[in-house]
Amino acid sequence: MIDTHAHITCDELYPHAHALLARAKDAGVSRILCICLNLAEVERAFVLKQAYPWLDIAAGFHPSDLYDVTHADWERMAELIQDERIIAIGEIGLDYHWDEVDRETQKQAFIKQLTWANQYHKPVIIHMRDATKDTLDILREYKQGSGIMHCFSGSLEVAKQLLAMDLYLSVGGPLTFRNARGLPEVIAQCPVERLFIETDSPYLTPHPHRGKRNEPMYLRYTNERLAELKHMSSASLNQHLRENYRRLFGICVLG
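Quick look at the structure, then. For clarity, every value in this text was computed on a predicted model and none was experimentally measured.

1. Observations concerning the overall build of the protein chain
When helices and strands are tallied, the protein chain shows nine helices and eight strands. Relative to the globule expectation of 18 Å for 255 residues, the C-alpha radius of gyration of the protein chain, 17 Å, shows essentially globular dimensions. C-alpha extents for the protein chain along the principal axes are approximately 50 × 40 × 35 Å. Counting only residues that meet the buried cut, the protein chain has 57% of its 255 residues in that class. A fraction of 71% describes how many contacts in the protein chain between residues 6 or more apart in sequence connect residues 24 or more apart. Of the roughly 11300 Å² of accessible surface on the protein chain, 49% is carried by carbon and sulfur atoms. Placing the 28 positive and 34 negative side-chain charges of the protein chain at their respective mean positions leaves the two points 7 Å apart.

Set out below in structure tokens:
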């Protein structure tokens, strides 16, 4: 299994990273895309990758964290994302659920980081919350390459628009929730060749561990639910997801 979105280097998980990664490996997780949201997290990820080559790295400024990003931070991140160890730009995007960062600031930051992705030919990892129209409008105008819509939870209409823009959809713990409504039906209609699974650790823990701190070892619950929706075995599903990862990132993950 591949966890395409986990915040291993965040303050909550990083002190437990070695034990957490060992548990993930024991649970059948063969690759993790570690999402770094600030400069300190990138440096932590570089250290971890020396010990765990199967840990990949994405980096970018989250829309909800922009209030304390300085000009120097922007310059340093612009340098770091050119490093070959960073395979994607993200998680970036728009979040109108909270009001810490005004919408125009979020839009400009999103556009800037999409420009980086275009310049350095790296996929993007996109965050979209309560901002569907603006996110789609910006992607249509500025995105040139491919990427992943992280923790997708939208309608079938939105899913079709994202797929038409050469994006992949990643689903996490909410797919397993007992009160999940439209999401399972939407994902059932999306081609498996354009899907990924994730944990978004330490958030959005899947059923039956909902309420606990999430970590990559719980990925199997989302895997099993997606396999059920696709009427295939977990092994067959994982083969498709590994191929998707190779296609998007150029990284071959052995089964």
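Moving on from the coordinates now.
2. Points about the packing of helix H3 (residues 71-80) against helix H4 (residues 103-120)
Relative orientation and spacing of two packed helices are given, respectively, by the angle between their axes and the distance between those axes. Between H3 and H4, whose axes approach to 11 Å, the crossing angle comes to 25°. Here H4 runs roughly parallel to H3, going by the angle between their axes. Crossing of H3 against H4: the hand is right-handed. Here H3 contributes Trp74, Met77 and Ala78 to the contact with H4, which in turn contributes Ala109, Lys112, Gln113 and Trp116. Of the residues contributing to the contact of H3 with H4, the split by class is five nonpolar, one polar and one charged.

3. Observations concerning the layout of surface pockets
A volume near 1000 Å³ is recorded for the largest pocket. Lining the largest pocket are 40 residues, with His62, Glu91, His127, His150 and Asp200 sitting closest to its centre. For the lining of the largest pocket, the secondary structure elements donating two or more residues are helix H2 (39-51), strand S4 (86-95), strand S5 (124-129) and helix H7 (182-188). Partitioned by chemical class, the residues of the lining of the largest pocket number 17 nonpolar, 11 polar and 12 charged.

4. A closer look at helix H9 (residues 234-249)
In this model, H9 (16 residues) spans 22 Å end to end at C-alpha, consistent with the 22 Å of a helix rising 1.5 Å per residue. Glycine 250 lies just past H9 and shows a positive phi near 75°.

5. Examining the pairing of S5
Taking burial as the measure, the six residues of S5 include five buried ones, the bulk of the element. Bridging between S4 and S5 involves five bridges; their strand directions are parallel. Within the sheet, the bridge partner assigned to glycine 93 lies in S5 and is histidine 127. In this fold, the crossover linking S4 to S5 by way of H4 has right-handed handedness. Taking the sense of rotation as the criterion, the β-α-β connection linking S5, helix H5 (residues 132-142) and strand S6 (residues 147-149) turns out right-handed.

6. Focus on the state of the cysteines
Applying the stated criterion across every chain yields a total of zero disulfides. Here cysteine 34 stays unpaired: no disulfide links it, and the sulfur of cysteine 36, its closest cysteine neighbor, is 4.1 Å away. Exposure remark for cysteine 34: the relative accessible area of 0% places this residue in the buried category. Free of any disulfide, cysteine 151 has its nearest cysteine sulfur in cysteine 190, 14 Å distant. Residue classification places cysteine 151 among the buried positions, given a relative accessible area of 17%.

7. With respect to helix H6 (residues 156-164)
The complete set of buried residues in H6 reads Val158, Ala159, Leu162 and Leu163. Buried residues of H6, seen end-on, are gathered within an arc of 135° and therefore sit on one face of the element. Residues of H6 that are exposed and point over 90 degrees away from its buried face: Glu157, Lys160 and Ala164. In the core, the buried residues of H6 are packed alongside S5, H5, S6, strand S7 (167-171) and H7.

8. Considering the nonpolar core
If you look at the biggest cluster of nonpolar residues, it comprises 74 residues, and the most contacted ones within it are Ile8, Ile32, Leu139, Phe152, Leu162 and Leu169. Element by element, the count of residues in this core is highest for H4, at six residues. Counting residues in hydrophobic clusters, the runner-up holds 16 residues, among them Leu33, Tyr168, Phe249 and Ile251.

9. So, the sheet that holds S7
Strand order across the open sheet formed by eight strands is S1-S2-S3-S4-S5-S6-S7-S8, with parallel pairing between neighbours. At either margin of the open sheet sits one strand with a lone partner, and together these are strand S1 (2-6) and strand S8 (195-197). Strand-to-strand twist of the sheet, defined as the mean angle between neighbouring strand axes without regard to direction, takes the value 25°. Bridge count between strand S2 (residues 31-36) and strand S3 (residues 55-59): five bridges; the pairing is parallel. From the neighbouring strand, cysteine 34 faces S3, where its bridge partner is isoleucine 57. Packed on one face of the sheet, H2 meets S2, S3 and S4 and runs near 165° to S3. Those strands touched by H6 are S5, S6 and S7, and its axis lies near 135° from that of S7.

What counts, and at which threshold
- Residues numbered from 1 in each chain as written.
- Predicted model: local features only at pLDDT ≥ 70, side-chain atom pairs only at ≥ 80, totals over all residues.
- Heavy atoms only, no water.
- Helix = DSSP H or I, 4+ residues; strand = E, 2+ residues; numbered from the N terminus.
- Rg over C-alpha atoms; globule rule 2.2 N^0.38 Å.
- Buried < 20%, exposed > 50% of the residue type's maximum accessible area, 1.4 Å probe, protein only.
- Contact = heavy atoms within 4.5 Å.
- Areas by Shrake-Rupley, 256 points an atom, 1.4 Å probe, with all protein chains shown as cover.
- Lys, Arg positive; Asp, Glu negative; His and termini not counted.
- Charge placed at Lys NZ, Arg CZ, Asp CG, Glu CD.
- Axes fitted to C-alpha atoms, helices over the stretch in contact; angles between N-to-C directions.
- Parallel < 35°, antiparallel > 145°, perpendicular 65-115°, else oblique.
- Left-handed = near helix turned anticlockwise from the far one by under 90°.
- Nonpolar A, V, L, I, M, F, W, Y, C, P; charged D, E, K, R; others polar.
- 1 Å grid on protein atoms, 1.4 Å probe; cavity = no way out; pocket = protein on both sides within 12 Å on 5 of 7 lines; lining within 4 Å.
- Points joined across faces, edges and corners; volume = space filled by probe spheres on them.
- Expected span 1.5 Å × (residues − 1).
- Pairing = 2+ DSSP bridges.
- Right-handed = clockwise from strand over helix to strand, strands pointing away.
- Disulfide = S-S within 2.5 Å.
- Arc of directions from axis to C-beta.
- Core = buried A, V, L, I, M, F, W, Y, C linked by side-chain atoms within 4.5 Å.

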